[in-house]
Amino acid sequence: MNMKITLAVLTPMIATAAFALEPPAVGSAAPGFSLPDAKGQTHSLSQYKGKYVVLEWFNPECPFVKKHYGSGNMQKLQDQYTSKGVVWLTIDSNAPGTEGNITPEQAQKISASWKTHETALLLDPEGKVGRAFGAKNTPNMVIINPDGKIAYEGAIDSKASPNPADIPSSTNYVKAALDESLAGKSVSTPQTKPYGCSVKYKSS
């Protein structure tokens, strides 16, 4: 009896939580936001209008994130596309006291020691921006086009494993979407299912 009552109570809560984290539709306007970076400088999405913007949800303790940073895969992507004028914003939406939450000082040390090439590492401890984009996992990737609309949302690549050995044989959806977009083509795979560790949001 108790189990049935508990399930009956929890089911709508789970459904609501899942609904609240639905990402905006591909092709729709990206939600506006402003967040501080590791050095305290504020970055607003509106200031990058007219450029391609990549959003990358981040947790330095997540094995799926370490897969792409430990191998140098993420840094290579960041460097390749920021050199072409793409803005790359890495976002940590994990709440204080949870795995992956970092202070500004920790963020600066991670960027230096991991030799990252993002435009900025943004801190979202309240989780407002992560929730607005429906980010469920780390990494969770979003590409915003120069018109401010979402061109891609989902996984970084096609192999949902924490094993770096899988990277060479996987399809990198972010690279493909950026290459197609920069060539003036439509994105052939605009949405995929993200994989990785769950974003540890602050309890509402």
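The structure we're discussing is the one just above.
Residues numbered from 1 in each chain as written. Predicted model: local features only at pLDDT ≥ 70, side-chain atom pairs only at ≥ 80, totals over all residues. Heavy atoms only, no water.

*Asks:* Mind showing me how you'd approach the sheet that holds strand S4 (residues 87-92) here?
*Replies:* Working definition: the strands of a sheet are paired by backbone hydrogen bonds and lie parallel or antiparallel to each other. Sheet architecture is open: five strands sit in the order S5-S4-S3-S7-S8, paired in mixed fashion. Both edges of this open sheet fall to strand S5 (120-123) and strand S8 (150-154), since each of them pairs with a single strand only. Ignoring strand direction, the axes of neighbouring strands in this sheet form an average angle of 20°. Across the sheet, helix H3 (residues 73-82) is in contact with strand S3 (53-57) and S4; its angle to S4 comes to roughly 145°. (Pairing = 2+ DSSP bridges. Helix = DSSP H or I, 4+ residues; strand = E, 2+ residues; numbered from the N terminus. Axes fitted to C-alpha atoms, helices over the stretch in contact; angles between N-to-C directions. Contact = heavy atoms within 4.5 Å.)

*Asks:* Looking at this structure, I do not really get the side chain of Asn73. What am I missing?
*Replies:* Along the chain, Asn73 turns up in helix H3. Other than its neighbours up to four places away in sequence, Asn73 contacts His68, Ile156, Ile167 and Asn172.

*Asks:* Would you take a moment to explain the nonpolar core for this structure?
*Replies:* Here is a general trend for soluble globular proteins: nonpolar side chains tend to be buried in one another's company. If you look at the biggest cluster of nonpolar residues, it comprises 30 residues, and the most contacted ones within it are Ile143 and Val174. Elements with a contribution of two residues or more to this core: helix H2 (63-70), H3, helix H4 (104-113), S5, strand S7 (141-144), S8 and helix H6 (173-182). In this structure, Ala30, Phe33, Leu55 and Tyr201 belong to the second largest nonpolar core, which totals 22 residues. (Core = buried A, V, L, I, M, F, W, Y, C linked by side-chain atoms within 4.5 Å. Buried < 20%, exposed > 50% of the residue type's maximum accessible area, 1.4 Å probe, protein only.)

*Asks:* What is the right way to read the packing of aromatic side chains from this model?
*Replies:* Two measures describe an aromatic ring pair: the distance that separates the ring centres and the angle between the ring planes. For the structure on display, the rule yields seven aromatic pairs. Both rings, one in Tyr69 and one in Trp114, keep their centres 5.2 Å apart while their planes meet at 45°; by these two values the pair is tilted. One end of the pair, Tyr69, is in helix H2; the other, Trp114, is in the loop between H4 and S5, with 45 residues separating them in the sequence. Given the relative accessible area of 24%, Trp114 is considered partly exposed. (Phe/Tyr/Trp six-rings, centres within 6.5 Å; stacked < 30°, edge-to-face > 60°.)

*Asks:* What should I look at first to understand the packing of H3 against H6 in this one?
*Replies:* Helix packing for two helices is described by the angle between their axes and how far apart those axes are. Running from N to C, H3 and H6 point in directions that differ by 10°, and their axes come no closer than 12 Å. As judged from the angle between their axes, H3 and H6 are roughly parallel. On the side of H3, the interface is formed by Leu77, Gln80 and Tyr81, while H6 contributes Lys175, Leu178, Asp179 and Leu182. Looking at the contact of H3 with H6 residue by residue, the class counts come to four nonpolar, one polar and two charged. (Parallel < 35°, antiparallel > 145°, perpendicular 65-115°, else oblique. Nonpolar A, V, L, I, M, F, W, Y, C, P; charged D, E, K, R; others polar.)

*Asks:* Even after reading the chapter, I still don't get the environment of Asn59, so can you show me in this structure?
*Replies:* Looking at the element boundaries, Asn59 is found in the loop between S3 and H2. Owing to a relative accessible area of 0%, Asn59 belongs among the buried residues under this scheme. If near-sequence neighbours (up to four positions away) are discounted, Asn59 is found in contact with Val65, Asn94, Glu99, Gly100, Thr138 and Lys200. A polar atom in the side chain of Asn59 sits 2.8 Å from the backbone nitrogen of Glu61. Among the polar contacts listed, one links the side chain of Asn59 to the side chain of Glu99, at a separation of 3.0 Å. (Polar contact = N/O pair within 3.5 Å; in protein donor to acceptor, adjacent residues only side chain to side chain.)

*Asks:* How should the pattern of salt bridges be read in this particular structure?
*Replies:* Pairing is possible between side chains that carry opposite charge, provided their charged atoms lie close to one another. Evaluated as defined, the whole model comprises three salt bridges. Salt-bridge contacts for Glu126 lead to Lys202; the nearest nitrogen and oxygen are separated by 3.1 Å. Linking Glu126 in the loop between S5 and helix H5 (128-132) with Lys202 in the segment after strand S9 (197-198), this pair joins segments that are 76 residues apart in sequence. For Glu126, a relative accessible area of 42% corresponds to the partly exposed category. Take Lys202: its relative accessible area is 37%, and that puts it in the partly exposed class. Put simply, Lys175 and Asp179 hold a salt bridge, and the shortest N to O gap is 3.4 Å. Taken as a pair, Lys175 and Asp179 lie in helix H6 at a separation of four residues, close to a single helical turn. Taking relative accessible area as the criterion, Lys175 reaches 31% and is therefore assigned partly exposed. Residue class for Asp179 comes out partly exposed when judged on its relative accessible area of 31%. (Salt bridge = Lys/Arg side-chain N within 4 Å of Asp/Glu carboxyl O.)

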